[in-house]
Amino acid sequence: MSPPPPSGPNNSFLKTLACSAFSASVAEICTIPIDTAKVRLQLQGAAAAGATPKYSGMVGTMVTVAKEEGLGALWKGITPGLHRQCLFGGLRIGLYEPVKNFYVGPDHKGDVPLHLKIASGLTTGALGISIASPTDLVKVRMQAEGKLPAGAVKKYPSAMAAYGIIVKEEGVLALWKGITPNIMRNAVINAAELASYDQIKSGLIKGGMEEGVPMHLVAGLGAGFVAVCVGSPVDVVKSRVMGDSVGAYKGFLDCVVKTMTKEGPFAFYKGFMPNFGRLGSWNVVMFLTLEQVKKATADM
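Quick caveat: nothing in here was measured; it's all calculated off a predicted structure.

Cut-offs applied
Residues numbered from 1 in each chain as written. Predicted model: local features only at pLDDT ≥ 70, side-chain atom pairs only at ≥ 80, totals over all residues. Heavy atoms only, no water. Helix = DSSP H or I, 4+ residues; strand = E, 2+ residues; numbered from the N terminus. Contact = heavy atoms within 4.5 Å. Areas by Shrake-Rupley, 256 points an atom, 1.4 Å probe, with all protein chains shown as cover. Lys, Arg positive; Asp, Glu negative; His and termini not counted. Charge placed at Lys NZ, Arg CZ, Asp CG, Glu CD. Polar contact = N/O pair within 3.5 Å; in protein donor to acceptor, adjacent residues only side chain to side chain. Expected span 1.5 Å × (residues − 1). Bend = angle between axes of the 7 residues up to and from the residue. Salt bridge = Lys/Arg side-chain N within 4 Å of Asp/Glu carboxyl O. Phe/Tyr/Trp six-rings, centres within 6.5 Å; stacked < 30°, edge-to-face > 60°. Core = buried A, V, L, I, M, F, W, Y, C linked by side-chain atoms within 4.5 Å. Buried < 20%, exposed > 50% of the residue type's maximum accessible area, 1.4 Å probe, protein only. Axes fitted to C-alpha atoms, helices over the stretch in contact; angles between N-to-C directions. Parallel < 35°, antiparallel > 145°, perpendicular 65-115°, else oblique. Nonpolar A, V, L, I, M, F, W, Y, C, P; charged D, E, K, R; others polar. Arc of directions from axis to C-beta.

Chemist: Would you explain the overall build of the protein chain in this entry?
Modeler: Looking only at helices and strands, the protein chain has 10 helices and 0 strands in total. N-terminal to C-terminal, the α/β element order of the protein chain is α-α-α-α-α-α-α-α-α-α. In terms of overall dimensions, the protein chain has a C-alpha envelope of 60 × 40 × 35 Å along the principal axes. Across the protein chain, contacts joining residues at least 24 apart in sequence account for 78% of those joining residues at least 6 apart. Total accessible area on the protein chain is roughly 13600 Å²; 70% of this is exposed by carbon and sulfur atoms. One way to put it: in the protein chain the 30 positive side-chain charges average out to a point 5 Å from where the 21 negative ones average out.

And the structure:
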């Protein structure tokens, strides 16, 4: 990912943040049905002996949710999802180049070392989600709410109402519930996404591939695959801790121990395929959009 052309420090920085937030939001709208399937699979505990799990596989989960709750249920959590992307997406992607340039220093020449790309991704991912974590919590809670019995009232009728309900019932700090696994997950995945996209794109350019949509597709898909391989275990724990409104888990480590004890190590890769489908497609859409938006606004 190459930095935007200079046009004055403040204007360039704000433009980068806006382009990043817009691109992340487009990707969110396009891929949130896959994310809803991923969350349902991750929150599903081990089935009793002889019992059939309610959700099975990415496509099966999406079909079950659509049949039982309507097609629109696949977009549950889209409002807080967009809140999240405007804050987190804008900050983590928009700050990546400035932070990377800060780490290498003003006198650096040539390619940025991979470890500094990773450090930049870890830094902006941790910073961004520390601010945006409440939007993530509300998104997971709304996605986790399944089909309700006849006459039952939704606990979270809207995203804005959800923030108030959580504060009223659980306290203000509850909006940052699961912040430890959330910072770990998002810092790791952000570093994997941005550093791998940066590295893959640089390698393709060196290999003679021309800048354009095919390159962005390959680099975006590669970034998504690296991110899900690295981040899937902590993503499962994050979803369970943040989706827990009944006190099943005391925290990050308690969730890790209980999940390992009751379901085994493979539970940490529950939802791997929908997670890859989500992150792979998300990265492709986001990076394609970002590159085109940057190109369109280059002279602004």
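Chemist: Got a minute to help me understand the environment of I93 in this structure?
Modeler: Assignment of secondary structure puts I93 in helix α3 (residues 78–94). The sequence separation of I93 and T64 amounts to 29 residues, and the corresponding C-alpha distance is 34 Å.

Chemist: Quick question: what am I supposed to make of the side chain of T259 here?
Modeler: For T259, the location among the structural elements is in helix α9 (residues 252–263). In terms of polar contacts, T259 uses its side chain to reach the backbone carbonyl oxygen of C255, at 2.7 Å. Ignoring sequence-local partners within four residues, the contact set of T259 consists of R240, G264, A267 and F268.

Chemist: Even after reading the chapter, I still don't get helix α8 (residues 213–243), so can you show me in this structure?
Modeler: The periodicity of an α-helix, 3.6 residues per turn, causes residues three or four places apart in sequence to face the same way. Look at α8: only 37 Å from first C-alpha to last across 31 residues, short of the 45 Å you get at 1.5 Å a residue. For α8, the principal kink sits at G231 and spans about 60°; a proline, P233, occurs within the next four residues.

Chemist: Looking at this structure, I do not really get the pattern of salt bridges. What am I missing?
Modeler: Pairing of side chains with opposite charge becomes possible as their charged atoms draw close. Applying the stated criterion across every chain, the model contains 21 salt bridges. The closest approach of N and O atoms between R40 and E69, which form a salt bridge, is 2.9 Å. Of this pair, R40 sits in helix α1 (residues 9–43) while E69 sits in helix α2 (residues 58–69), placing them 29 residues apart in sequence. Put simply, E69 and K76 hold a salt bridge, and the shortest N to O gap is 3.2 Å.

Chemist: What's the story with the packing of aromatic side chains in this structure? I'm lost.
Modeler: In this description, a pair of aromatic rings is defined by centroid distance and the angle of the planes. Throughout the structure, instances matching the rule amount to 4 aromatic pairs. Taken together, a centroid distance of 6.0 Å and an interplanar angle of 45° make the contact between Y269 and F272 tilted.

Chemist: Please explain the nonpolar core as it appears in this structure.
Modeler: It is characteristic of soluble globular proteins that their nonpolar side chains tend to be buried jointly. Judged by nonpolar contacts, the single largest core of 14 residues is most densely connected at I93, L194, Y197, W282, M286, F287 and L290. Elements with a contribution of two residues or more to this core: α1, α7 (179–206), α8 and α10 (272–296). Formed by 13 residues, the second largest nonpolar core is a distinct cluster that contains V39, I166, A174 and M242.

Chemist: What am I meant to see in the packing of α7 against α8 here?
Modeler: Relative orientation and spacing of two packed helices are given, respectively, by the angle between their axes and the distance between those axes. Two elements in contact, α7 and α8, have axes separated by 8 Å at closest approach and are oriented at 170°. Accordingly, the angle class assigned to the pair α7 and α8 is roughly antiparallel. Of the residues that constitute the contact of α7 with α8, the class distribution is 19 nonpolar, 6 polar and 5 charged.

Chemist: Help me understand α2 in this model?
Modeler: The end-to-end C-alpha separation of α2 is 16 Å, in line with the 16 Å expected for 12 residues at 1.5 Å each. Those residues of α2 lying buried are T61, T64, V65 and E69. When α2 is viewed along its axis, its buried side chains cluster within an angular range of 95° and face the same direction. Facing away from the buried side of α2 by over 90 degrees, the exposed positions are V59 and K67. In the segment just after α2, G70 is the residue with positive phi, at about 95°.

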